[in-house]
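Each chain, letter by letter, is given below.
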Amino acid sequence: MSALRFLIALPKASGAQRGPALLRARTPSTAVTNGVPAFWCHSSERPLQAGRLTVIGTLFGRRASSGLDQIPQAVADRISASPAALIDDYWGPYLAVIGNEDGSISVVRDPSGALPCYVMETETHFVLASDLGTFEAAGTPAGGVQWERLFDHLQAIEIRRAETCVEGISELPPGSVTRFAGANRLTTPLWSPWPFTSPAARLAPGAAPAILRDVICTSVSALASRHRQVLVGLSGGLDSSIVCAALAAGGHDFTCLTLATSDASGDERPYAKLVAQAVGARLLEHHYDPRKIELARSASAHLPRPGAKPFMQEIERAYALALGAGQADAIFTGNGGDNVFCYLHSAAPIVDAIRAAQSPALILRTLRDMCAVTQCDLLTMTRALLSSLLGRSRVSGPDPSLLNAGRARGHISRALTPYMDDAPANLPGVAGHVRLLLSIQNFIEGYDRAAFPAVVPALLAQPIVETCLRIAPWDWCRGGINRSVAREAFEGLLPRPILRRVSKAGPESVTAAVFAAGRLQLRELLLGGLLRDHAIVDPVAVETVLDDPATVHGQMLYRILDIADAEAWARLRGAGVGSTIGR
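Cut-off values and rules
- Residues numbered from 1 in each chain as written.
- Predicted model: local features only at pLDDT ≥ 70, side-chain atom pairs only at ≥ 80, totals over all residues.
- Heavy atoms only, no water.
- Helix = DSSP H or I, 4+ residues; strand = E, 2+ residues; numbered from the N terminus.
- Expected span 1.5 Å × (residues − 1).
- Buried < 20%, exposed > 50% of the residue type's maximum accessible area, 1.4 Å probe, protein only.
- Contact = heavy atoms within 4.5 Å.
- Core = buried A, V, L, I, M, F, W, Y, C linked by side-chain atoms within 4.5 Å.
- Phe/Tyr/Trp six-rings, centres within 6.5 Å; stacked < 30°, edge-to-face > 60°.
- 1 Å grid on protein atoms, 1.4 Å probe; cavity = no way out; pocket = protein on both sides within 12 Å on 5 of 7 lines; lining within 4 Å.
- Points joined across faces, edges and corners; volume = space filled by probe spheres on them.
- Nonpolar A, V, L, I, M, F, W, Y, C, P; charged D, E, K, R; others polar.

### A word on helix α14 (residues 428–439)
The terminal C-alpha atoms of α14 lie 16 Å apart, and with twelve residues this matches the ideal 16 Å at 1.5 Å per residue to within 8%. Counting buried residues along α14, nine of its twelve residues qualify, which places the element largely inside the surrounding structure. Three or more residues of α14 are buried, namely Gly429, Val430, Ala431, Gly432, His433, Val434, Leu436, Leu437 and Leu438. In the core, the buried residues of α14 are packed alongside α10 (337–340), α11 (348–355) and α15 (462–469).

### Focus: the nonpolar core
Counting residues in hydrophobic clusters, the biggest one holds 80 residues, and the most contacted among them are Ile216, Phe332 and Phe341. In terms of residue count, helix α6 (residues 208–224) provides more of this core than any other element does, nine residues in total. When sequence neighbours within four positions are dropped, the list of residues in contact with Ile216 reads Ile242, Ala246, Phe341, Leu459, Ile464 and Phe490. By size, the runner-up hydrophobic cluster in this structure holds 67 residues, among which are Ala31, Ala129, Tyr319 and Leu561.

### A look at the side chain of Ser176
Relative to the helices and strands, Ser176 resides in strand β13 (residues 176–181). Apart from residues lying up to four places away in sequence, Ser176 is in contact with Val107, Val108, Arg109, Thr187, Thr188, Pro189 and Leu190.

### A short note on the packing of aromatic side chains
Applying the stated rule across the entire model yields seven aromatic pairs. Residues Trp191 and Tyr419 carry aromatic rings whose centres are separated by 5.8 Å and whose planes lie at 70° to one another, so their mutual orientation is edge-to-face. Within this pair, whereas Trp191 is found in the loop between β14 (184–189) and α6, its partner Tyr419 is found in the loop between α13 (378–389) and α14, the two being separated by 228 residues in sequence. With centroids separated by 5.8 Å and ring planes inclined at 35°, the aromatic side chains of Phe341 and Trp476 adopt a geometry described as tilted. Here Trp476 lies in the loop between α15 and α16 (484–489) and Phe341 lies in the loop between α10 and α11, a separation of 135 residues in the sequence. Taken as a pair, Phe341 and Trp476 share a single burial class, namely buried. A connected cluster of aromatic rings, assembled from ring pairs, spans Trp191, Phe196 and Tyr419.

### Quick word on empty space enclosed by the protein
In this structure the tally under the stated criterion is six cavities of 30 Å³ or more. Of the volumes computed, that of the largest cavity is approximately 90 Å³. Taken together, Phe196, Thr197, Ser198, Arg202, Val430, His433, Leu469, Arg470, Ile471, Ala472, Pro473 and Trp474 make up the lining of the largest cavity. When its residues are assigned to classes, the lining of the largest cavity shows seven nonpolar, three polar and two charged. In this structure, the second largest cavity occupies an estimated 70 Å³ of space. As for the second largest cavity, its lining consists of Glu294, Leu295, Arg297, Ser298, Ala299, Ala308, Lys309, Pro310, Gln313, Leu561, Ala564 and Asp565. Of all the elements, helix α22 (residues 556–575) adds the most residues to the lining of the second largest cavity, at three residues.

As structure tokens, this is what we get:
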């Protein structure tokens, strides 16, 4: 079963509409050519329609354990009159389309951004789609590489921008309503993280773990209710283990998949087995094979931005094998757990405690806790605290490494969700938590929607994110351990060795092996490729890194592989990639 794919075609000269906001078309191409506002999605999908409201995806009530099968007319009327009611009363991976009385059409994207939504403007239409392949299937293929945007992207891969790296393709912001009227469109934010971080919204420390456990279990169970069987990517770390515990608590049928390197440095199987036994789930194992990773192939080829690490090819292959051998119709992950559970590595939580006028005892406790979390001594943390209090600490900026410093700069595309424009300047812990949430946006979209089922980063569900934002930064490090509220929340549901883990292994050895074996290929890719031709990279800097024996063990290893993925992605986009779904 493939992930939900859709296309919405909004004629610029549609005029006032009567009846349902959208007509359902049989193919993506007929949605564009029939001359009225229309949508396409796979025949197995059942969008919700009532009056002028159409919802593509899944809607959950705030306390519901399963998705809505229909929308009462009174609810549809209320949402049509005030789209913010949709954000306040419901959640889920959805896109809602409202036909307004004046003939304009409003589109609401849920705050999690779990259902992708890209926008193309043609001479006659605004076309919205879930993926690049669907644009192509509609006869409105995406353009080539937008080099200036690719340069911006490589300077800050963790920032998702409104403009993509493909010509003519932008993205509809999550948590917003966009009104399309003729040839014009206007986007208005409906959701913001900041109200949930206010002192009035803050959860009491004693109540937070139980509330968080209830919200996680309810939300994860609701997400799973739409699937017959779930495949969970289980690393053996805290976050994916929490997803498994929540699925088990909801009585869902699921299988776990864990990946291991051939050496002990990236073998998490003992921890994964411990979790699988505790939750009563079957565990599948897959070994990374560096020989099957191709540096000339981008795992981001189906996306409008590059950004996949080479080892993602092996994770994709492992999922494909597991899906082929089973009945799963969704992949659940714990991706984003560090982000939603406020895993900070600085003095910011201490600063917040001071400026929030917390007690001296709590401030001193937070100081000791952050020393333990960051594994630094008291003097070092005190210096960092004073620097932050005096406004001398800096947020990391663009990363110019390996890029062409002499490239002429145009305008920088705005952030997709510019929440940091309104960040409280005096509360770096709160700001850091939201910045963490933004930094995961480019890494959760999943695999080719035409070939894989939905990939669900379950911990980024809207109710979970909102609840975590209500927990003070200094409570997340309580006891000198990161993500402490989440650990306490799942006491009794997960084995103690899992709850006490503060780090886990990864595929670093695979990454190093791929780089070592591929140095010559990387030289060809990067020193004679499109990024050099378009003045994106600094060839001298790239060559220096490729020739340095220390690269295989340093942080620059990941940087040069990011650049290599961008080169492979650009070559594929130049050659033309896509899908023929729905023709």
